[in-house]
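Here is what each chain is made of, one letter per residue.
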Amino acid sequence: MPVPAAHSATPVRPAGSAVHQVTLVTGDQVIVSQAAGRQRITVRGRDGARPEYLTQRIGGDDYVIPAIAVPYLGKALDRALFDVSALIRAGLDHTPVKITARPGATAPEPGPRFGAALARQVGAEATGRRTRDGSLFGGVTAVRLDAPGAPQPVAPRFPMHTLKVHLDPPGAGDGTFMALANSDDGRKFASALTIEGHEARASVPEGHYSLDAYRTTYDEHGVLASVREFSSEFTVEADKEITVSAAKATAQLTVGTPRPTGPVALSPNTVHYDARGQFAFSMGVDVAEGPVFVQPTGPSAVGHLLFRPLAHGDSPADAPEPYSYDVLLAGEGSIAANQHYEITADQLTTVKPTFYHDVPGMTGLNGWTLAMPDDGTPLESVPVSLFSPVSYDAPRTAYLAGPPGTVYSEAGLADPEDPASLYIGEWHQSTPGRTTTMDFFRGPLAAGFQGVRNRPESTWLCQACRDGDELRVWASGTIDSAGQDVLGPARPGTVWASSYRLLAGDTTVAEGTGTGTVDPVTVPAAKSGYTYVVDQTREAPWIRHSTDTHTEWTFSSEHSGSRTVPGTWHCGPLFAETIDNAQCGAVSLLTTRYQLDTDSASTVRPGPGQLQLTFGHTPGTLDLPTTAATVEVSFDGGKTWTRAAVTDLNNHRYLARWTNPATTTATDAALRISGTDTAGNTISQTVTAAFTVAGPAQHRKDGIR
């Protein structure tokens, strides 16, 4: 029976958006975002449920599978329900389904009710209160995606052999998630395997193979009770049968920290590369609590393995000042038999964050992604289960650790109830033994471009590039002073609206909602002057500042006949299945970073005011000198403007000074800036309600910064 009309397909976001939100059939919300040129997946659990899920990239598509779905995957639940890439390609923000059921049986409507019912069934089967019969909800035999799924694989051009994979013990098939790839060349075969009973079958060409699997068990509530990762390497020369066993996962993943923590959340991840050094597939699982065991393995005979688990622990509830630990537990080429990691104080990079916010008492979720700079993995999962609840009013400390060379990036949800309020930062180099400060949401917040930092081998989606005569110019809608991309909100009663226009000379070549041409547009080959305009409006009960912004860039561009950027940069359509950047060249636009002296409520005292303004250029282009800069302030909603005194501090930095009149107390002030470089590229930006002139009683204890 088809899903009710209320749950049929609707567009994800306006064209040009770099953020896609999809609600899975279980009610879990998946955010696929592009920020700082990277694709990230963030999952928010249904109606407050713990977001425990498995991720997989295989065959060019990204899958996000809630843990409660694993026992029924490929059986009553269609794996295509969780192919987030395919859902986005189809323009969906919900998961339309077709349901097959025995007479009298029904399924809850897709969403939180479906997920809650599935969790109850998982818990009942785990404790023997319900007998597994292959159906859901007492008679639903199949839930299928009612939309196009992943592209069909190309028919093989070489002899194929039947591979049978037996699971030991035989009952381990319910709750096992498995993938297989040809280790010689992942293009020959890379696929998830469907387990029927106690075995999986596949038709594969001859060669060397890597198999990876995760075995999950559950408690009476349908929550993960344990996870076991196990694997096998073997050669196929004819029809073959192998046996794999979760019992080989004997090494428990544990972490010790200098200060006590509550339960440690774990996110083990394995990444497989073939003998060509190319990505074959990746798998991971996010476990909010419960033991994780992995199978010790030596180096791969063919291909290469990266083992990249993350661990997160929060301070006990009675700690005088909250703190958290985030640790990257990296294994290069093998998985050691001893998986206990004892973290010492001299390994820690310490971060003291300040959260700028307009309304006292605000809370959010904050987390950290840690990685090695040469991973080159095409997908980054941002596990909300590893986020910490934070009070924006209270000080806190984040401790970060990983192998030498680890880089870190901040992420979180500005509104805990809104997965679209994701914010994503740039990469920073970890420095053990060092304490650093970091500002979140420090304004003015306005459109801009993020940089590429510390991950030269990773796939990076270029935001200002040209491939032949295909031009992409796509700014991040809201950048704070630290270069973090702040997304959302999307809850009812809020507004987060953007529009853009791109002109070649006086001719409009692209315009629409969103912040730019996420997918490239065709432009004239000859060198032309371009104007790129972005407008954005932000409205929510907790937003007072940077409510409206208007940004204009001018730049020049001409036909790009050769590649001038790293080979890992992606210049084509956003969700292209292959990357062809043979003619990709970076396009130079001016960028800005603000350092406005305010307290954490973006308020200033009457009297002297100042702003440090730093100009730069989009990644991959020359950092040309800036020849001129202006700063203006308005205290009457933009009717009149006062020009600030601007001093050139060198190295693209300017200091602007002005006076905040005593008569403007409780007034929101606007800023207007402009800059020009030696090539004639310009930027002008106006920010409404950039800061507030407040009386002494309105200042926060952190004072003016």
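This write-up is about the structure you can find in this document. Owing to the predicted nature of the structure, the values given are computational and were not obtained by experimental measurement.

Once that is clear, we can look at the overall build of the protein chain. Of regular secondary structure, the protein chain possesses 2 helices and 57 strands. Of all 705 residues assigned to the protein chain, the portion counted as buried reaches 59%. Within the protein chain, residue pairs in contact and separated by at least 24 positions form 73% of the contacts whose partners lie at least 6 positions apart. Counting every atom, the protein chain has about 26,700 Å² of accessible surface; 51% of that belongs to carbon and sulfur.

This part is about the pairing of strand β32 (residues 407-413). Both faces of the sheet carry side chains from a regular strand, because those side chains alternate between them. Most of β32 sits inside the fold, with 7 of its 7 residues counted as buried. Here β32 shows two buried faces, one formed by V407, S409, A411 and L413 and the other by Y408, E410 and G412. Sheet topology places β32 next to strand β33 (residues 422-424); 3 bridges connect them, and they run antiparallel. Bridge pairing in β33 places L413 opposite L422.

Moving on, we get to the state of the cysteines. In this structure the tally under the stated criterion is 2 disulfides. The partner cysteine of C462 in its disulfide is C465, sulfur to sulfur 1.9 Å. Between C462 and C465 the sulfur-sulfur dihedral comes to about 80°; the bridge is accordingly right-handed. Residue C462 shares its accessibility class with C465, and that shared class is buried. In this model, C571 is linked to C584 through a disulfide, with the two sulfur atoms separated by 1.6 Å. Residues C571 and C584 are joined by a disulfide whose S-S torsion is about -65°; by sign, that bridge is left-handed. Residue C571 is located in the loop between β47 (569-570) and β48 (584-586), and its partner C584 is located in strand β48; the two are separated by 13 residues in the primary sequence. Like C584, C571 is buried.

So, about the packing of aromatic side chains. The full count for this structure, using the stated rule, is 19 aromatic pairs. Here Y392 and F441 contribute two aromatic rings whose centre-to-centre distance is 5.8 Å and whose plane-to-plane angle is 65°, an arrangement assigned as edge-to-face. Linking Y392 in the loop between β30 (388-391) and β31 (397-401) with F441 in the loop between β35 (435-440) and β36 (446-448), this pair joins segments that are 49 residues apart in sequence. Judged on exposure class, the residue Y392 and its partner F441 are both buried. With a centroid separation of 5.4 Å and an interplanar angle of 15°, the aromatic rings of Y530 and F555 are classed as stacked. With Y530 in strand β45 (residues 528-539) and F555 in strand β46 (residues 548-557), this residue pair connects regions lying 25 residues apart in the sequence. Each member of the pair Y530 and F555 is classed as buried. In this structure an aromatic cluster arises from ring pairing among F355, W368, Y392, Y408, F440 and F441. Across from the ring centre of Y63, 3.8 Å away, lies the NZ or CZ of R79, which sits over that ring.

Sheet strands pair by backbone hydrogen bonding; their relative direction is either parallel or antiparallel. One open sheet accounts for 6 strands, arranged β18-β23-β24-β31-β27-β35; its pairing is mixed. At either end of the open sheet lies a strand with only one pairing partner, and these are β18 (265-267) and β35. On average, adjacent strands in this sheet sit at an angle of 20° to one another, irrespective of strand direction. Pairing of strand β24 (residues 323-328) with β31 involves 5 bridges; the strand directions are parallel. Across the sheet, Y323 pairs through a bridge with T397, a residue of β31.

This next bit is on the nonpolar core. Counting residues in each nonpolar core, the largest one holds 68 residues, and the members touching the most others are L77, F82, L118, L136 and V143. Counting residues per element, this core draws most heavily on helix α2 (residues 112-126), at 5 residues. The residues contacting V143, other than those within four sequence positions of it, are A76, L77, D78, L81, V97, K98, I99, F114 and L136. Listed in part, the 43 residues of the second largest apolar core include A446, V521, Y532 and W553.

The next subject is a negative patch on the surface. A cluster of like negative charges, contributed by D535, E539, D548 and E552, occupies part of the molecular surface. Elements that contribute at least two residues to the negative patch include exactly β45 and β46. According to the relative accessible area criterion, E552 is partly exposed, its value standing at 30%.

It is worth spelling out the side chain of T618 at this point. Within the fold, T618 resides in the loop between β51 (607-617) and β52 (626-634). A residue is classified by how much of its surface remains accessible, and T618, at 2% relative accessible area, is buried. Beyond its immediate stretch of four places on either side in the chain, T618 contacts F449, A464, V587, S588, L589 and T591.

Thresholds, definitions, all that
- Residues numbered from 1 in each chain as written.
- Predicted model: local features only at pLDDT ≥ 70, side-chain atom pairs only at ≥ 80, totals over all residues.
- Heavy atoms only, no water.
- Helix = DSSP H or I, 4+ residues; strand = E, 2+ residues; numbered from the N terminus.
- Buried < 20%, exposed > 50% of the residue type's maximum accessible area, 1.4 Å probe, protein only.
- Contact = heavy atoms within 4.5 Å.
- Areas by Shrake-Rupley, 256 points an atom, 1.4 Å probe, with all protein chains shown as cover.
- Pairing = 2+ DSSP bridges.
- Disulfide = S-S within 2.5 Å.
- Phe/Tyr/Trp six-rings, centres within 6.5 Å; stacked < 30°, edge-to-face > 60°.
- Lys NZ or Arg CZ within 6 Å of the ring centre and 35° of its normal.
- Axes fitted to C-alpha atoms, helices over the stretch in contact; angles between N-to-C directions.
- Core = buried A, V, L, I, M, F, W, Y, C linked by side-chain atoms within 4.5 Å.
- Patch = residues over 30% accessible without salt bridge, like charges linked within 9 Å, V, L, I, M, F, W, Y side chains within 5 Å.
- Salt bridge = Lys/Arg side-chain N within 4 Å of Asp/Glu carboxyl O.
- Lys, Arg positive; Asp, Glu negative; His and termini not counted.
- Charge placed at Lys NZ, Arg CZ, Asp CG, Glu CD.

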